Structure formats: C-alpha cells, structure tokens
Amino acid sequence: MSAKDDPLRRPPGFLASFVAATAFLTRVPIGAPTPGAWQLADVAWAFPLVGAGIGAVAGLAFLLAQLVGLGDWPAALLAVLSGLALTGALHEDGLADTADGFSGGRDREAKLAIMRDSRQGTFGVLAIVLSVLLRAAALAAIGDAIHAGLALIAAHAVSRAALPVMMWRMAPARAEGLGAAAGTPRPPGVIGAAAIGILLGFAALGPTRGLIALGLTGAIVFATARLAHRQIGGYTGDVLGAFQQTGEIVMLLAASAQ
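Let me begin by describing the structure that accompanies this report. What you see is a predicted model, and the numbers here were worked out from it, not measured in a lab.

What counts, and where the lines are drawn
Residues numbered from 1 in each chain as written. Predicted model: local features only at pLDDT ≥ 70, side-chain atom pairs only at ≥ 80, totals over all residues. Heavy atoms only, no water. Helix = DSSP H or I, 4+ residues; strand = E, 2+ residues; numbered from the N terminus. Rg over C-alpha atoms; globule rule 2.2 N^0.38 Å. Buried < 20%, exposed > 50% of the residue type's maximum accessible area, 1.4 Å probe, protein only. Contact = heavy atoms within 4.5 Å. Areas by Shrake-Rupley, 256 points an atom, 1.4 Å probe, with all protein chains shown as cover. Lys, Arg positive; Asp, Glu negative; His and termini not counted. Charge placed at Lys NZ, Arg CZ, Asp CG, Glu CD. Axes fitted to C-alpha atoms, helices over the stretch in contact; angles between N-to-C directions. Parallel < 35°, antiparallel > 145°, perpendicular 65-115°, else oblique. Left-handed = near helix turned anticlockwise from the far one by under 90°. Core = buried A, V, L, I, M, F, W, Y, C linked by side-chain atoms within 4.5 Å. Salt bridge = Lys/Arg side-chain N within 4 Å of Asp/Glu carboxyl O. Polar contact = N/O pair within 3.5 Å; in protein donor to acceptor, adjacent residues only side chain to side chain.

A separate point is the overall build of the chain. Within the chain, the regular secondary structure consists of 11 helices and 0 strands. Along the chain, helices (α) and strands (β) appear in the sequence α-α-α-α-α-α-α-α-α-α-α when read from the amino end. The C-alpha radius of gyration computed for the chain amounts to 18 Å, which stays within 12% of the reference 18 Å derived for 258 residues, consistent with globular compactness. In terms of its C-alpha atoms, the chain occupies a principal-axis envelope of roughly 55 × 45 × 35 Å. Within the span of the chain, comprising 258 residues, buried residues form 49% of the whole. Of all intrachain contacts in the chain linking residues separated by at least 6 positions in sequence, the fraction that spans at least 24 positions is 77%. If you sum the accessible surface of the chain, you get close to 11,500 Å²; carbon and sulfur atoms cover 69% of it. Put simply, the chain has 17 plus and 15 minus side-chain charges, and the middle of one group is 6 Å from the middle of the other.

We now examine the packing of helix H2 (residues 47-67) against helix H7 (residues 145-169). Relative orientation of the contacting elements H2 and H7 amounts to 155°, with a least axis distance of 7 Å. As far as their axial angle goes, H7 and H2 are roughly antiparallel. Between H2 and H7 lies a crossing of right-handed hand. Facing H2, whose interface residues are Phe47, Pro48, Gly51, Ala52, Ile54, Gly55, Ala56, Ala58, Gly59, Phe62, Leu63 and Gln66, H7 presents Ala145, Ala148, Gly149, Leu152, Ile153, His156, Ala157, Arg160, Ala161, Leu163 and Pro164.

Attention now goes to the nonpolar core. In this structure, Phe47, Met166, Met170, Ile232, Val239 and Phe243 are the most contacted members of the largest nonpolar core, which totals 34 residues. Broken down by secondary-structure element, the contributors of at least two residues to this core are helix H1 (14-25), H2, helix H5 (108-116), H7, helix H9 (187-205), helix H10 (207-232) and helix H11 (237-256). The element best represented in this core is H7, accounting for 5 residues. Residues in contact with phenylalanine 47, not counting those within four places in the same chain, are Ala21, Phe24, Leu25, Leu40, Arg160, Leu163 and Pro164. Counting 29 residues, the second-largest nonpolar core is a separate cluster that includes Ala75, Ala79, Val80 and Leu152.

If charged atoms from side chains of opposite charge come close, those side chains can pair. Following the criterion strictly, the structure yields 5 salt bridges and no others. Its salt-bridge partner being arginine 119, residue aspartate 117 comes within 2.7 Å of it at the nearest N-O pair. Arginine 119 gets classed as exposed once you look at its relative accessible area, which sits at 63%. In this structure, the salt-bridge partner of glutamate 248 is arginine 135, at a minimum N-O distance of 3.1 Å. With glutamate 248 in helix H11 and arginine 135 in helix H6 (residues 122-142), the pair connects residues that are 113 residues apart, well separated along the chain. Summarising the burial analysis for this pair, glutamate 248 and arginine 135 share the class buried. Through salt bridges with shared partners, a single ionic network connects Glu92, Arg135 and Glu248.

Before going further, it helps to examine the side chain of serine 82. Within the secondary structure layout, serine 82 lies in helix H3 (residues 72-87). Residue serine 82 is classed as buried on the basis of its relative accessible area, which comes to 17%. A distance of 2.6 Å separates a polar atom in the side chain of serine 82 from the backbone oxygen of alanine 79. With residues up to four places along the chain from it excluded, the contact list for serine 82 reads Val57, Ala58 and Ala61.

Rendered as structure tokens:
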C-alpha cells in the first residue's frame, strides 16, 4: 500500500495545516503541530497561502524602501532580500544545489551526490545571482509599490501552488531525503493548492496579465520537471526549490511586461 492510500494518515485541521506549512516554508518562530500519522504532503495545500504572506511582506519592504526615498532598484533588491530572510533562502538553496547537480554530474548517481553536498559550486552561485537579479529587475521595471506588491503576492503564491502538483505528478528520485519523506499529496489537496494559486494570480494581476503569467509559469515549471525527470528520474527537495524559483521568476517577469 502506498503512503498516499494509507487509511491511517490523519492530516491536521485547517489552522494546524497552515501553521505547519508556515513552520516549514519560513523562519517564523511558530510552533508546528507535532507530526503524527500525517506527512508534509498533507499540509501542502496551504503552501500558496503561506506564499501569499511571504509576498505581502516583500511587498511591504518595497513600499517602505520607496517611502524613505530609495529608488526602484534599491527597493526591488530589498524586497527580494526580505523574502530571502523570511524563508531562510530555502528555495534558493534548492535551486543552487539543482544547478550544481544537473550541470556537474556525469550520471544520475553523481548528480544526486553533488546535490547532497552542502557546498555551493560555480553553477549554483550563478543560479542564485541570476535569480535575485531577474526578480529585482522585474520589480524595478514595475516601479509602482502597489503593483509590485500585488505581483509579489501572486508570484510567491503561484510558485508554491505548483509544488504539491509536482509532488503528486512526479516520483521521488531517491528513497530517502526530504522529497521522499514529504509523501504524496492527495488529489483534493493538489486541487485546493492549484485553485488557491490560480485565484490569487488572477486577483493580483487581473484576467489578461494573470492568464499570461499563469500560462508561462505552468509551462516553465513543467519544462523544469521534464528536465529533472531526464536528469535524475524524479524530484528531490532541492528540485522542488528549483520549481518554486523558476515559477516566481517567470511570474514577476510576466507581471513586469509592458
């Protein structure tokens, strides 16, 4: 019997799920519910809600920076850095490890070994720098604090809504590690996360820009998933971080397009 069909799994309730997702995705000192017969996948539906909160904090940082007289670029960099501080660079670290592994390993096992290594290589550093610069450039191009804040909320929510979808659609690349331990989300949780992300995307960006941004984000995340399947045969916790980062970048770039 697979974990997702285990009748003994008892997911936490609505509030406890949100608290657990917040404790995992951020450094907010909040007491997570004690794990029992549930897994991280059982609370993944709340990922986009937590993402929206992270985006709101980053948007507030952008607004405050502009209120004290900083220009668009400094405000944009501070907004991105505030998100990094709030999450502890959780997803950026995954992106860096994925970039190092996919670019440096000669075969599947070598790639997975590189991804386990906590040291960052050249490609990992370049991936983080590129991620920060692209997001900051998109926010600086938006300029207006209100629109930038809405774009940040949409980007952080939608990019995290993609994670339970990928966890449900793909298989873990190895039997141990975060990806395997997180479990597989149930279909209602996957649908719930996707619905929350889509609604927030449309609400923040409007129907036309929202549709374009969601379509482009879905395409790039699925393309990254195909790459991960070819490279290592599935996903790991690091690959989930790469999914989030690519999704956030594309959402912000789409929101900044004239």
